[in-house]
Amino acid sequence: MNPKAIRKICYGVYIIGSKKGDKINGQIANTVFQITSDPPTLAISINKQNLTHEFILESKTFSVSILSKEAPMSLIGAFGFKSGRDIDKFKDIKHRIGITGSPIILDYTIGYLDCEVIAITDVGTHTIFIGKVIDGQELSDVEPMTYDYYHKIKGGKSPKTAPTYIKEDETEDKPASVSGKYRCKVCGYVYDPASGDPDSGIKPGTSFEELPESWTCPICGVPKSEFEKEA
Ligand code: FE
C-alpha cells in the first residue's frame, strides 16, 4: 500500500474528554464519526496507552469538543502531546463538566457532544468506543478545524499514538534545502522562519536564533534547546 493513499481521508480535530472518579482528562483525536442518527451515536478510536482510554473504560462516558479553525497550537499541543499522568491539562483551560461527568472545552470549541458508551471493540493498538449522544450544543459559528488544515496550515504533527500516525519519511517529500528550519526532537514540529509562530507572537521572517530564550515549542512546550537544525 502507498501510505499517501490513506492520508487522503478527511478528518476534523477534537478533544475527547472523560472522567474517572473525581478526576478528568482529555486528549486530541481526529477519529470521530457519526454512526447513526436515530438514536444519535458516534464512534471514536483511542490508543490503549492513553490515560483517556483508561478513563473511558472505567466511566463508560466521553465527550467530544469540536475545535475551531482558530484553536492555537498551544491548546492542541497540551492535549495532544502531553499526558494527563504528568500534568493537569485542564488547569488553565476554560471548561465545564457535562451531563455524563466528562469535561467539555469552552475555548475554541464550536460545539460538543456528550456520550455514554454502548459498545466497545478491541482493534489491537486501539479501542473503538461507540457512544450514544446524551447531550450536545452548538457553541459558535466559526469553521471547524480539519486535520488537513492542522497539518498544512498550522504545521501540526501526529503523535505516535494517533490511529492515523504514519512515519513521516514515508509520506513527506522533503525539499533538498530546508536551511533555517529547526525540528523539535520531542514532537517533530518544524520551526520555519518564513512562517514564524504567530500564535506566540513571533512574526514571519524571524530566524530560529532570533527567537527569545523564553520561546517554547508551540506543540509540546519544550525549550529551544530541544530543537535541532534540519539537515
Ligand atoms: Fe515539540
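Residues numbered from 1 in each chain as written. Predicted model: local features only at pLDDT ≥ 70, side-chain atom pairs only at ≥ 80, totals over all residues. Heavy atoms only, no water.

J.: Help me out: how do you make sense of the packing of aromatic side chains in this one?
T.: Each aromatic ring pair is specified by the distance between its two centres and by the angle formed by the two planes. A full pass over the atoms with the stated rule returns 10 aromatic pairs. Seen from their ring centres, Phe208 and Trp215 are 6.3 Å apart, and the 85° between their planes marks the pair as edge-to-face. As far as burial versus exposure is concerned, Phe208 and Trp215 are alike and both buried. With centroids separated by 5.3 Å and ring planes inclined at 55°, the aromatic side chains of Trp215 and Phe227 adopt a geometry described as tilted. With Trp215 in the loop between strand 11 (190–191) and strand 12 (227–229) and Phe227 in strand 12, this pair connects stretches of sequence that are 12 residues apart. Summarising the burial analysis for this pair, Trp215 and Phe227 share the class buried. An aromatic cluster is built from Tyr182, Tyr189, Tyr191, Phe208, Trp215 and Phe227, whose rings are joined through pairwise contacts. Directly above the aromatic system of Phe208 lies the positively charged group of Lys224, at a separation of 5.2 Å from the ring centroid. (Phe/Tyr/Trp six-rings, centres within 6.5 Å; stacked < 30°, edge-to-face > 60°. Buried < 20%, exposed > 50% of the residue type's maximum accessible area, 1.4 Å probe, protein only. Helix = DSSP H or I, 4+ residues; strand = E, 2+ residues; numbered from the N terminus. Lys NZ or Arg CZ within 6 Å of the ring centre and 35° of its normal.)

J.: Help me understand the nonpolar core in this model?
T.: Side chains that are nonpolar tend, in soluble globular proteins, to be buried together. Counting residues in each nonpolar core, the largest one holds 30 residues, and the members touching the most others are Phe79, Tyr189, Cys217 and Phe227. Of all the secondary structure elements, the ones that give two or more residues to this core are helix 3 (73–80), helix 4 (147–152) and strand 10 (182–184). Discounting chain neighbours no more than four positions away, the residues touching Phe227 are Tyr182, Arg183, Cys184, Lys185, Tyr189, Tyr191, Phe208, Trp215, Cys217 and Val222. In this structure, Ala29, Val32, Leu42 and Val117 belong to the second largest nonpolar core, which totals 14 residues. (Core = buried A, V, L, I, M, F, W, Y, C linked by side-chain atoms within 4.5 Å. Contact = heavy atoms within 4.5 Å.)

J.: Would you explain the sheet that holds strand 9 (residues 126–138) in this entry?
T.: Pairing between the strands of a sheet comes from backbone hydrogen bonds, and it takes one of two forms, parallel or antiparallel. Strand order in the open sheet formed by 7 strands is 2-1-5-8-9-4-3, with antiparallel pairing between adjacent strands. With one partner strand each, in any of the chains shown, strand 2 (23–29) and strand 3 (32–37) form the two edges of the open sheet. The average undirected angle you get between the axes of adjacent strands in this sheet is 30°. Across 12 bridges, strand 8 (residues 109–123) lies against strand 9 in antiparallel orientation. Bridge pairing in strand 9 links Cys115 to Val133. Relative to strand 1 (residues 14–20), helix 2 (residues 51–59) is tilted by about 55°, and along the sheet it contacts strand 1, strand 2, strand 4 (40–47), strand 5 (61–67), strand 8 and strand 9. Contacts from helix 3 reach strand 1, strand 2 and strand 5, with the element oriented near 115° to strand 2. (Pairing = 2+ DSSP bridges. Axes fitted to C-alpha atoms, helices over the stretch in contact; angles between N-to-C directions.)

The analysis is restricted to geometry; functional conclusions fall outside its scope.
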